[in-house]
Protein chains: 2
Amino acid sequence: MDKSIDIYLDENEMPDKWYNFMPFLPKELPAAKNHETGVCSDQSGLMQEIRPKELILQDHCKEKWIKIPDEVLEKLFQIGRPTPLRRAAALERYLGTPAHIYFKREDLLLTGSFKLSTAIPQLYYANNEGFKGVVSETGAGQWGMALALSSKFYGMECKVFMAKCSLEQKPYRKIYMDLLGAEVMPSPSSLTLVGRDILMENKDHTGTLGTAISDAVAYAKDNKGFAYLSGSNTTHVLIHQTLLGLETKKQMEKAGEKPDMLFACISGGSNLGGFMLPFIEERMNNEVLYIGAESEAAPRLTQGNYEYDYSDYKGYTPLVKSYTMGHSFIPDPVHAGGLRQHSGSPVAGLLRHEGLLDAKAYGEKDAFKAAKVFLETEGVLVAPETSHAVAAVIETALELKKKNKKKNLVMLCSGSGMLDLEGYKSVI
Amino acid sequence: MDKSIDIYLDENEMPDKWYNFMPFLPKELPAAKNHETGVCSDQSGLMQEIRPKELILQDHCKEKWIKIPDEVLEKLFQIGRPTPLRRAAALERYLGTPAHIYFKREDLLLTGSFKLSTAIPQLYYANNEGFKGVVSETGAGQWGMALALSSKFYGMECKVFMAKCSLEQKPYRKIYMDLLGAEVMPSPSSLTLVGRDILMENKDHTGTLGTAISDAVAYAKDNKGFAYLSGSNTTHVLIHQTLLGLETKKQMEKAGEKPDMLFACISGGSNLGGFMLPFIEERMNNEVLYIGAESEAAPRLTQGNYEYDYSDYKGYTPLVKSYTMGHSFIPDPVHAGGLRQHSGSPVAGLLRHEGLLDAKAYGEKDAFKAAKVFLETEGVLVAPETSHAVAAVIETALELKKKNKKKNLVMLCSGSGMLDLEGYKSVI
C-alpha cells in the first residue's frame, strides 16, 4: 500500500531564513531605470517614498541568507507553512507514466494560495515602519485575499485595486476581502487620476495587472501613510517565496529522490522564482530543468521581447528589463487573472534570456482540461493559473511514457480553484 | 515563540480501525421501526434493497473495532487524513481567556469538509457490491461534493438531490459536482413521484434535508443499480467518522493536555458523534463534557421532542427515535443548509436524552459574527454550520475568563466556508 503520499516537514525543519539568490544568478540583474533620468530609481524617488524601506534593502541585499524575524516565522506557521509535498500517485497511474510526479500544496494555506508567504512579512515591515495602511493591485484576487488577511492580522487598513474583468469573474474573492474590512476597487478606477485617464481613453477597458499597478501606485502617491506593496515581480517578493523551494528541497531529500524538472506557472514570476531559485546551483550544473507555463493570453516568455519596460500600464514604475508584450498590451479576459500581465520580474526575464528557463504557453481550454484530469485523479481543484503548470506536467509525463523514461517532475501547486468554479463552468 | 501551533500525526499513527461505540452507549439504542409492521425494518424491506449490505452490517456490528480495508485507508490518506489539530492561540489572545482552545481542521480535506471520510468507504462498499451508481441527498452541498469526488474515484455514477434553497444560495457547490460529472437536482424534485407530490402541496417549498432524503430514496427505489447512501444520521456514518475523535485523542495526548469540553455543530450528528464518541468512557466518568451547537432554525435538541419519527419529509425511511420537530417541519432558509433538518441520528438523540449531550442553539447572525472573529484571529473561514460551534466555544471561553478558570476546549472545525461567502455577505 502506498502510504507515504505526503511528505511533511516538522516545524523545526522549517527554514528560518530566506534564500537570497541574487549573488548566484548567472549574470548581474540589469538595474532598474528611471524614465526621466535614466538612472536606477528604485532606491530614490517615488518608490522610495511609498515602499517600506526594509523591502528595498532586501532587493539589494548581498548576503546569501536573510533571517526571518521571529514574529514573522510564527505567523508563517499559522498560515500553514511548511506545506506538504505530495506524490501524485493517482495521476501517475492514470497517465501510465514511468515519471514520478510530486506537487507542493500551496493551495492548503489559509487563503488558498502561496501569496500569504510574502504578504505576512510585507505587512510586518510596513507596520513596523509606521504606515497606517497598505495598497496594492491584484489580478485574480489571490494576492488581494492574502493582503486582506495579513492586514487584519497586523491591524492595518487595506486597499486593493483588482482588474475589472477578474472582479466580475470572481465575486467570492471580493466578498472575502470585504469580510476582512479591505476596500476592493475595480481597475481602471475612477478614484485615481491615472485610472480616470485610462477610462477616458477606453471606457470599456477590462483592466489588467498593469492598470491595477498604476492605480495602486497613484493611490499611494496621493494618500500619505499608505505603503505600496507588490504581490509579485519584485526581488523581495521572490526572496520571501524561496521558502517554497527550500521546503521542497528538504522534502525531496526525505523522499530520497532528486528533482529532474521543476514546473510552475508564470506571470510576475514569484511562485516560479521562489520555488525554483533555491535549486539555482543544480540548474547551472544541468542537474535540473526549469519549466515555466504561461497563458497564451499573455505569452511574454514565448513571444515577447527582452527589453526595458514599465511594470504598469501608465508608466509609474521604474523601467525594468524583462520579457514584455509592451506595457499597453491588454490580454484577453481569461480566468487565470493572475497570468494577465504584459511583463514580469527581471529575475525571470534573466533566467529565460540566459537559457535557464524553458517556457510553454497554453490556451485556457487546454489548461482547464488538464486541471480536470488532475481533479478527477488527485482530487485537488487547482487555480486557473496553476492549471497551466498541470498542463505542462501532463504533457511531459506523456512524453516520458513514450520514451519509457523515468524522471522526477515536481510542480508547484500555487493555489486552489474553489473560488474559480464559475470560470471552470464557463470554459469546460 | 509559540511554534507548535499544529499537532500532526504521522501516517503510521493514523488509526487503521473504526471505533464501534455502540456497545458502549449508556443504554441500548431504541430500534428502528417500520411504520406498517411496527418491527425493526432497516434489515429488511426497502432499505435492505437499496443500501450496500456491508453498511447495514456495520450498523449492527457487535465488535469494538472495525478494520478499515487497506484500499480505503489509502484513499483516506489521499483525501487528507489524518488532519492536524490546531491550537487557536490567536483567538485565545484576542478573547483574553485562560482557556486553551484547540480545533480539528476538517476544512483541509480535499472537498473542504469532513464528509469525505465516510463518502470514501461508502463508495468502496457500493462499488464492491456491484452497484453502478449512488444517489443521496445533500443540504448545503458538503456531502454532495464528497459524494461526487468519491464517485469519480470509484468510477461510479452519482445523483444528488440538494435542498432547493441551498442550491440557489451555494451555486459553486453545484458547479463543483457538475465538474465531476455528478447530476445535481433541486429538491423537491419533479423527477420523483414523491417530489411531485410535495410540489403539488406546496409549489414554493424551499426544500430541506428531509425532502431531499425522500427524493433520493424514491430515486433509488425506482432505478435499479443505484445504492442509496446517507451522509449523516445512520450509525455506520458515525462509525466512519470516529476517525475524527480517534485522531483528536492521540493529538491531545501529544499536546500533553486532556480535553475538558468537546464542541461540534449538530444536525444529523455525524461530525459531533464521530468526534465525541471515542471519548464516551471519559464522558460517562464526567471527565469531559459534550456540547452540541444547533441552528435556531431547526432547534431539535433544545426545543424538539424525543420520539419516533421519519428521517424524511414523506415517510419513506424507517421510524427512528431521536429529537424531532416533526417530519413535515420546514426550517427557515438559513445558510447553514447542513443544519436544516427536522430530526437527527438516534445516537445523538440518546446521548441528549441520557443527559450526556448539552445543547445550545444560535441564530444565524450571532453564529456568523463568531465566525468573523474566528476568521480575523485564526484566519480560517469556517462553514456556516461550523460557525455555530465557534459561537459556543467563544461563549464558553468568555465565561471561563470571568471565572478565571482554565479549561481545554476542543472544537471540531467541520468545514470551510469559502463556498459560502455569498451567505456571509448577505447576513453580516
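All figures in this text were calculated on a predicted structure; none of them were measured in a lab.

(A) Structural context of the relation of the copies chain B and chain A. Mapping chain B onto chain A leaves a residual RMSD of 0.0 Å; the transformation is a rotation of 180° accompanied by 0.0 Å of translation along its axis. Each copy turns onto its partner about a two-fold axis. By residue overlap, the copies meet face to face through one surface: 100% of the interface positions of chain B are interface positions in chain A.

(B) Examining the pairing of strand E10 (residues 261-265) of chain A more closely. Residue and element names in this part refer to chain A. With five of five residues buried, E10 is to be regarded as a mostly interior element. Examined bridge by bridge, E10 and strand E11 (residues 289-295) share five bridges and lie parallel to one another. The residue of E11 that forms the bridge with Leu262 is Tyr290. Examined bridge by bridge, E10 and strand E15 (residues 408-413) share three bridges and lie parallel to one another. Looking across to E15, one finds that Leu262 is bridged to Val410.

(C) Local environment of the packing of helix H6 (residues 142-153) of chain A against helix H8 (residues 171-179) of chain A. Residues and elements named next belong to chain A. Running from amino to carboxyl end, H6 crosses H8 at an angle of 10°, the nearest separation of the two axes being 9 Å. In terms of axis orientation, H6 runs roughly parallel to H8. Once H6 is placed against H8, the crossing between them reads as left-handed. Where H6 approaches H8, its residues Gln142, Gly144, Met145, Ala148 and Leu149 are matched on the opposing element by Arg173, Tyr176 and Met177.

(D) Region of interest: the sheet that holds strand E14 (residues 357-362) of chain B. Residues and elements named next belong to chain B. Spatial strand order, E1-E4-E5-E15-E10-E11-E14: seven strands in an open sheet with mixed pairing. Each edge of the open sheet is held by one strand with a lone partner, namely strand E1 (6-7) and E14. In terms of strand pairing, strand E4 (residues 85-87) meets strand E5 (residues 100-105) through three bridges, oriented antiparallel. Looking at the pairing, Arg87 lines up with Tyr102 of E5.

(E) Layout of the interface of chain B and chain A. In this assembly, 48 residues from chain B lie in contact with 49 residues from chain A. Summing both partners gives a buried area of about 4400 Å² for chain B against chain A, and 64% of it is carried by carbon and sulfur. Counting across the chain B and chain A interface gives two salt bridges. Here Glu376 of chain B and Lys152 of chain A are joined by a salt bridge, their closest N and O atoms 3.9 Å apart. Along the contact surface separating chain B from chain A lie eight residue pairs in polar contact (both at pLDDT 80 or more). Counting residues per element, the ones that place at least two in the side of chain B that touches chain A are helix H3 (70-79), helix H4 (89-95), helix H6 (142-153), helix H8 (171-179), helix H17 (364-378) and helix H19 (421-427) of chain B. Residues that form the side of chain B that touches chain A fall into these classes: 25 nonpolar, eight polar and 15 charged.

(F) Examining the pattern of salt bridges more closely. Scanning all chains against the criterion turns up 46 salt bridges over all chains. Residue Glu13 of chain B pairs with Lys254 of chain B through a salt bridge whose shortest N-O separation is 2.9 Å. Linking Glu13 of chain B in the loop between E1 and strand E2 (17-19) with Lys254 of chain B in helix H12 (residues 242-255), this pair joins segments that are 241 residues apart in sequence. Take Glu13 of chain B: its relative accessible area is 21%, and that puts it in the partly exposed class. The exposure class assigned to Lys254 of chain B is partly exposed, which follows from its relative accessible area of 44%. Measuring nitrogen to oxygen at the nearest pair gives 2.7 Å for the salt bridge that ties Asp107 of chain B to Arg105 of chain B. Asp107 of chain B gets classed as buried once you look at its relative accessible area, which sits at 10%. Via salt bridges that share partners, Arg81, Lys104, Glu106 and Glu247 of chain A belong to a single interconnected network.

(G) Representation of the sheet that holds strand E5 (residues 100-105) of chain A. Residues and elements named next belong to chain A. Judged by pairing direction, the sheet is mixed, and its seven strands sit side by side in the order E1-E4-E5-E15-E10-E11-E14 without closing on themselves. A single partner strand is all that each edge strand has here, and the edge strands are strand E1 (6-7) and strand E14 (357-362). Sheet topology note: the E1/strand E4 (residues 85-87) ladder contains two bridges and is antiparallel. Counterpart to Ile7 in the pairing with E4 is Leu85.

(H) Broad picture of the environment of Thr234 of chain B. Residues and elements named next belong to chain B. Following the sequence through the fold, Thr234 ends up in the loop between strand E9 (226-228) and helix H11 (235-240). For Thr234, a relative accessible area of 15% translates into the label buried. A polar atom in the side chain of Thr234 sits 3.3 Å from the side chain of His236.

(I) Up close: the packing of helix H5 (residues 116-128) of chain B against H6 of chain B. Residue and element names in this part refer to chain B. Relative to each other, H5 and H6 sit at 40°, their axes nearing to 9 Å. On the basis of their axis angle, the class for H5 and H6 is oblique. Of the two elements, H5 crosses H6, and the hand of that crossing is right-handed. Contacts between H5 and H6 involve Leu116, Thr118, Ala119, Ile120, Gln122 and Leu123 from the first element and Trp143, Ala146, Leu147, Leu149, Ser150, Ser151 and Phe153 from the second. Among the residues forming the contact of H5 with H6, the class breakdown is nine nonpolar, four polar and no charged.

(J) Seen up close, empty space enclosed by the protein. Within this structure, the stated rule accounts for six cavities of 30 Å³ or more. Here the largest cavity defines a volume of roughly 550 Å³. What lines the largest cavity is a set of 39 residues, and nearest its centre among them are Asp107 and Ser416 of chain A together with Asp107, Ser416 and Met418 of chain B. For the lining of the largest cavity, the secondary structure elements donating two or more residues are H6 and H8 of chain A together with H6 and H8 of chain B.

(K) Structural detail: the side chain of Ser151 of chain A. With respect to the element layout, Ser151 of chain A can be found in helix H6. Excluding residues within four positions of it along the chain, Ser151 of chain A makes contact with Leu123, Val134, Met156, Glu157 and Cys158 of chain A.

(L) Layout of the environment of Leu179 of chain B. Relative to the helices and strands, Leu179 of chain B resides in helix H8. Among the residues examined, Leu179 of chain B registers a relative accessible area of 9% and is labelled buried. With 30 residues separating them in the primary sequence, Leu179 of chain B and Leu149 of chain B have C-alpha atoms 9.7 Å apart. Residues within four places of Leu179 of chain B in sequence aside, it is in contact with Lys372, Leu375, Glu376, Leu381, Leu421, Tyr424 and Ile428 of chain A.

(M) Spotlight on the confidence of the model for chain A. For chain A, per-residue confidence averages 94 on the pLDDT scale, and 97% of positions sit at 70 or higher. Here the predicted complex carries an ipTM of 0.96, next to a pTM of 0.96.

(N) Looking closely at helix H18 (residues 384-403) of chain A. All names here are of chain A. In a regular helix each residue adds 1.5 Å, so 20 residues correspond to 28 Å; H18 covers 29 Å between its end C-alpha atoms and thus fits that length. Among the 20 residues that make up H18, 14 are buried, leaving the element largely enclosed by the rest of the structure. Phi for Asn404, located one or two positions after H18, is positive at around 50°.

Cut-offs used in this document
- Residues numbered from 1 in each chain as written.
- Chains lettered and ligands numbered in written order.
- Predicted model: local features only at pLDDT ≥ 70, side-chain atom pairs only at ≥ 80, totals over all residues.
- Heavy atoms only, no water.
- Least-squares fit on C-alpha atoms with pLDDT ≥ 70 in both.
- Contact = heavy atoms within 4.5 Å.
- Buried < 20%, exposed > 50% of the residue type's maximum accessible area, 1.4 Å probe, protein only.
- Helix = DSSP H or I, 4+ residues; strand = E, 2+ residues; numbered from the N terminus.
- Pairing = 2+ DSSP bridges.
- Axes fitted to C-alpha atoms, helices over the stretch in contact; angles between N-to-C directions.
- Parallel < 35°, antiparallel > 145°, perpendicular 65-115°, else oblique.
- Left-handed = near helix turned anticlockwise from the far one by under 90°.
- Buried area = accessible area lost by both parts, 1.4 Å probe.
- Salt bridge = Lys/Arg side-chain N within 4 Å of Asp/Glu carboxyl O.
- Polar contact = N/O pair within 3.5 Å; in protein donor to acceptor, adjacent residues only side chain to side chain.
- Nonpolar A, V, L, I, M, F, W, Y, C, P; charged D, E, K, R; others polar.
- 1 Å grid on protein atoms, 1.4 Å probe; cavity = no way out; pocket = protein on both sides within 12 Å on 5 of 7 lines; lining within 4 Å.
- Points joined across faces, edges and corners; volume = space filled by probe spheres on them.
- pLDDT = per-residue confidence, 0-100.
- Expected span 1.5 Å × (residues − 1).

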